[in-house]
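One letter stands for each residue in the lines below.
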Amino acid sequence: MTEDHVAPSPLPPDRFGTARAYARHRPGVPPEAAGFLASALAPVAAPVLLDLGTGTGQVPLSLLESLPLAHVSVVDTSPERMGAALGALLPELGAPRVTGFVGRAEDFGPVAPDRRPHLITCCRSFHRMDRPAVLAMADRVAAPGAAFAVMGDQSLWTQDADWTRALRGLVQSYLGPVRRAGTGGVYVESSRSFDEDLAASAFSRVSVHAFPVTRVWTPEGVLGHLTTTSFAGPALFGERHAAFEDDAHRLLHAHAALGPLTGESVFTVRLARRPGDLA
């Protein structure tokens, strides 16, 4: 049985915005980070990618700019986001070279021998997963010498600029002081770090690579981005969402009148390999 026919387990509620907003307003992979990942696959003659929590396919799309991928498998819990990812990838790769799986990352597999990934990526998604189970799955399906990449950067909630602090305060004035994680709960830091999870897995040889990123936002771009987040998505506000957007619009334009809405962040890539692999 290949990954095309795996029956996914029951899925959690979708905590994020529509796929259209996700594709339009979520920041992509910085070109420097994409180039680094492509270089990790350069020695492979026919590289295969597995992207977990793919969203709208930003990771494989960024790699395709500099790397011919033989096959791409994308995984996401949202059928809507999966449809957007496949809609973007199929024109680039063609149907035989793309596989989509709607389900939890740990339920992916098994895979055919020619589809064993040489690179497995989790971009801004690993913290939401059952990390030990996902890493065990990766060890089962990955090709010899494969790398597992965990990557991401700070959200607008955690960035430290005048306008992001003011925006966070506005969100808190509506939703309370604790960061929300969708309609079902609040954000809780894991008791284990990514490094601890990787050290306890088959992919325990880890190198960390940091890529500074400066983004300049428009007020409209910020508002669109907020609709895709778990801490300020429309469902959290209920009938008060329009009022929140009006207040946020005024706040953001007031700050934009003083200077660009600049966000400084660091996009971090943890590239993990099995200890016995030579790459």
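Before reading further, recall that the structure is shown in the block above.
What comes next is a walk through the structure.

Calculation criteria
Residues numbered from 1 in each chain as written. Predicted model: local features only at pLDDT ≥ 70, side-chain atom pairs only at ≥ 80, totals over all residues. Heavy atoms only, no water. Helix = DSSP H or I, 4+ residues; strand = E, 2+ residues; numbered from the N terminus. Contact = heavy atoms within 4.5 Å. Phe/Tyr/Trp six-rings, centres within 6.5 Å; stacked < 30°, edge-to-face > 60°. Buried < 20%, exposed > 50% of the residue type's maximum accessible area, 1.4 Å probe, protein only. Lys NZ or Arg CZ within 6 Å of the ring centre and 35° of its normal. Axes fitted to C-alpha atoms, helices over the stretch in contact; angles between N-to-C directions. Parallel < 35°, antiparallel > 145°, perpendicular 65-115°, else oblique. Left-handed = near helix turned anticlockwise from the far one by under 90°. Pairing = 2+ DSSP bridges. Polar contact = N/O pair within 3.5 Å; in protein donor to acceptor, adjacent residues only side chain to side chain.

### Focus on the side chain of Ser-125
Here is step 1: Checked against the element boundaries, Ser-125 lands in the loop between strand E4 (119-123) and helix H5 (131-141).
Here is step 2: When near neighbours in sequence (up to four residues on either side) are disregarded, Ser-125 contacts Leu-52 and Gly-53.

### Considering the environment of Leu-67
Here is step 1: Residue position: Leu-67 is located in the loop between helix H3 (58-64) and strand E2 (71-76).
Here is step 2: The contact partners of Leu-67, leaving out residues within four places of it in the chain, are Ala-38, Leu-41 and Pro-47.

### Quick word on the packing of aromatic side chains
Here is step 1: The tally for this structure, following the rule as stated, stands at nine aromatic pairs.
Here is step 2: Plain terms: the ring middles of Phe-101 and Phe-108 are 6.0 Å apart, the flat faces sit at 70° to each other, and that makes the pair edge-to-face. One exposure class covers both Phe-101 and Phe-108, and it is buried.
Here is step 3: Taken together, the aromatic side chains of Phe-126, Phe-148, Phe-194 and Phe-203 make up a single cluster linked through ring pairs.
Here is step 4: Geometry around Phe-126 places Arg-131 over its ring, the cationic atom sitting 5.8 Å from the centre.

### Some points on the packing of helix H6 (residues 162-175) against helix H10 (residues 241-256)
Here is step 1: It is the contact of H6 with H10, at a shortest axis distance of 10 Å, that shows an interaxial angle of 165°. The orientation of H6 with respect to H10, classified from their angle, is roughly antiparallel. Seen along the crossing, H6 lies across H10 with a hand that is right-handed. Of the residues in H10, those touching H6 at Asp-162, Trp-163, Ala-166, Leu-167, Leu-170, Val-171 and Tyr-174 are Ala-243, Phe-244, Asp-247, Ala-248, Leu-251, Leu-252 and His-255.

### What about the sheet that holds strand E6 (residues 205-217)?
Here is step 1: Spatially, the seven strands line up as an open sheet ordered E3-E2-E1-E4-E5-E7-E6, and their pairing is mixed. One side of each edge strand has no neighbouring strand; the edge strands of this open sheet are strand E3 (98-102) and E6. The average undirected angle you get between the axes of adjacent strands in this sheet is 15°.
Here is step 2: In terms of strand pairing, E2 meets E3 through five bridges, oriented parallel. Bridged to Val-72 within E3 is Val-98.
Here is step 3: Sheet contacts for helix H4 (residues 79-93): E2 and E3; angle to E3, the most-contacted strand, approximately 180°.
Here is step 4: Packing against the sheet, H5 makes contact with strand E1 (48-52), E4 and strand E5 (147-152), and its axis sits at approximately 165° to E1.

### Digging into the environment of His-209
Here is step 1: Relative to the helices and strands, His-209 resides in strand E6.
Here is step 2: His-209 gets classed as partly exposed once you look at its relative accessible area, which sits at 22%.
Here is step 3: Between the C-alpha atom of His-209 and that of Ala-147, which follows or precedes it by 62 residues, the distance is 14 Å.
Here is step 4: Here Ser-207 takes part through its side chain, which lies 2.8 Å from a polar atom of the side chain of His-209.

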